[in-house]
Amino acid sequence: MQQTNTQAVNTQEVTLTNSKLLKYTIFSFVFAVITLITVILPAEYNIDPTGMGNKLGLTVFNNAQATTSTEPSTTTSKATTETIEVVVPAGRGVEYKFTMEQYQKLTYEWITDGSVLYFDLHGEPKGDTTGYFESYAIATSDEMKGSFTAPFEGSHGWYWKNTSDAPVKVQLIVNGEYVEHGLK
Amino acid sequence: MKNLIVMLFVGLMLNTGIAFAHGDHKMISAKDAIQVAIKVTQKLTFKDLGYKVGKLDESWKALTTEEFKLYAAQDNRYKVSAFNKDNNKVIYFLMTMSGELLQLNSEAKF
C-alpha cells in the first residue's frame, strides 16, 4: 500500500513539467489581474473600468461617501471641527449628546483638566420610550480619542460621572456630521 | 522547482498582505497634519500637555485654519506653523507622517 502511494507521488512529480508550471503561473497571473480589475479596484479605490464592481455592489461604500460630501447643504450636518467645554460637577453625572441620523460619522477627542471620569459612550434611538440604549464604550479615563458611525437615528454621546470631590472640566473636540448637540 | 514555488508563494503572500492591510493606511496628508495641529492648539488652551510652550492663553482659541501653514514636509516629518496675530507669536509642530506629534516649540528648531 505504502509502495503504491510512493509510486503515485513519483508519477505526479514526473507529470508536472516546466511547461505546465509556466501555464499554471500564467493562469494565476491572469486570474489575479481579473480579480484586481473587477473586485479590488472597485471596492478599495472606486476605480471600476469594467462596471462589474457596480453590478456586484462593491462600489456602494465609495458612492455613499461621495453622496455625503457633495450634498452637505441638504442636511443640517456639519463638517467642521468644534470645541466644546463641559463641566461635570463633583459627585454628579452629566450627559452630552449629538443628534445624528443613521450612518452619520463623528470623530472625537476629549480630555479632562485633571481627574479621571467614568464614562459611557452610547446611543439612544429616536422616539424610543423603553429606555433602551446601546453602549459603544465604557471606561474610566481622563482622555479618549476615536470615532463612531451612528447605527441608528437618535441621540449619541457621553455620560460622564465625576466621583471626585471637585468639579471636572471636559474639553471635547469633534469633527463630523450631526444635526445638533447639547447637554441632555 | 521547489525554490520557484516557494518564491511564488512568498511573493503572493506579500502582495496579499498589502491588499488586506492597506499599505498606506497610517499616512496622513498635509491637510490632515494641519487638522492635528489645530486640535493640539485647542487642547493646549485647555491644559498643559507637557510641551515646551506650556498652556496657551485664550487668544489661541480664536485661530482660524488659515493661520495654520505647512512649514515643511521632509525626512518623513511634517512641520506645521501656527500664527497668532493677537500676540504676534508663532508656534511650530513637528509630527510624523502618521500624525504623531513629536515636538512643539516657538523656535522651529527640532
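Residues numbered from 1 in each chain as written. Chains lettered and ligands numbered in written order. Predicted model: local features only at pLDDT ≥ 70, side-chain atom pairs only at ≥ 80, totals over all residues. Heavy atoms only, no water.

- As named in an unreviewed UniProt entry, chain A is Transmembrane anchor protein, taken from Colwellia asteriadis.

1. With respect to the overall build of chain A
Working step 1: A tally of regular secondary structure across chain A gives four helices and nine strands.
Working step 2: Starting at the N terminus and ending at the C terminus, chain A contains elements arranged as α-α-α-α-β-β-β-β-β-β-β-β-β.
Working step 3: Burial statistics for chain A: of 184 residues in total, 27% are counted as buried.
Working step 4: A sequence separation of at least 24 residues applies to 75% of the contacts in chain A between residues at least 6 apart.
Working step 5: When the accessible surface of chain A is totalled, it reaches about 11,400 Å², and 58% of it is carbon and sulfur. (Helix = DSSP H or I, 4+ residues; strand = E, 2+ residues; numbered from the N terminus. Buried < 20%, exposed > 50% of the residue type's maximum accessible area, 1.4 Å probe, protein only. Contact = heavy atoms within 4.5 Å. Areas by Shrake-Rupley, 256 points an atom, 1.4 Å probe, with all protein chains shown as cover.)

2. Digging into unusual backbone geometry
Residue and element names in this part refer to chain B.
Working step 1: In the Ramachandran plot, Asn76 falls in the positive-phi region, its phi being about 60° despite a non-glycine side chain.
Working step 2: Position of Asn76 among the secondary structure elements: in the loop between β1 (68–74) and β2 (77–84).
Working step 3: The backbone of Ala108 sits at a positive phi, close to 65°, despite the residue not being glycine.

3. As for the nonpolar core
Working step 1: Core analysis: the biggest nonpolar cluster contains 23 residues, and Phe98, Trp158, Trp160 and Leu172 of chain A have the highest contact counts within it.
Working step 2: Secondary-structure elements contributing two or more residues to this core are β1 (81–88), β2 (93–100), β3 (105–112), β4 (117–125), β7 (154–161) and β8 (168–176) of chain A.
Working step 3: With 20 residues, the next largest nonpolar core counts Ile34, Ala37, Trp60 and Leu101 of chain B among its residues. (Core = buried A, V, L, I, M, F, W, Y, C linked by side-chain atoms within 4.5 Å.)

4. Notes on the environment of Ser164 of chain A
All names here are of chain A.
Working step 1: Within the secondary structure, Ser164 is located in the loop between β7 and β8.
Working step 2: Taking C-alpha positions, Ser164 is 8.6 Å from Leu117, a pair spaced 47 residues apart along the chain.
Working step 3: Only 3.0 Å separates the side chain of Ser164 from the backbone oxygen of Ala166, close enough to count as a polar contact. (Polar contact = N/O pair within 3.5 Å; in protein donor to acceptor, adjacent residues only side chain to side chain.)

5. Some thoughts on the UniProt feature "transmembrane region" (unreviewed entry) in chain A
Working step 1: Per the UniProt record, "transmembrane region" (unreviewed entry) is annotated on residues 21–41 of chain A.
Working step 2: Segment residues 21–41 of chain A splits into 100% helix and 0% strand. End C-alpha atoms: 28 Å apart. (UniProt positions renumbered as here; feature names shortened; annotations may be inferred.)

6. Overview of the pairing of β8 of chain A
Residue and element names in this part refer to chain A.
Working step 1: Summarising burial for β8: seven of the nine residues are buried, a large majority.
Working step 2: Relative to β8, β1 runs antiparallel, the two being bridged by eight bridges. Bridge pairing in β8 places Ile84 opposite Leu172.
Working step 3: Sheet analysis places β3 next to β8, joined by seven bridges and oriented antiparallel. What sits directly across from Thr112, in β8, is Val170. (Pairing = 2+ DSSP bridges.)

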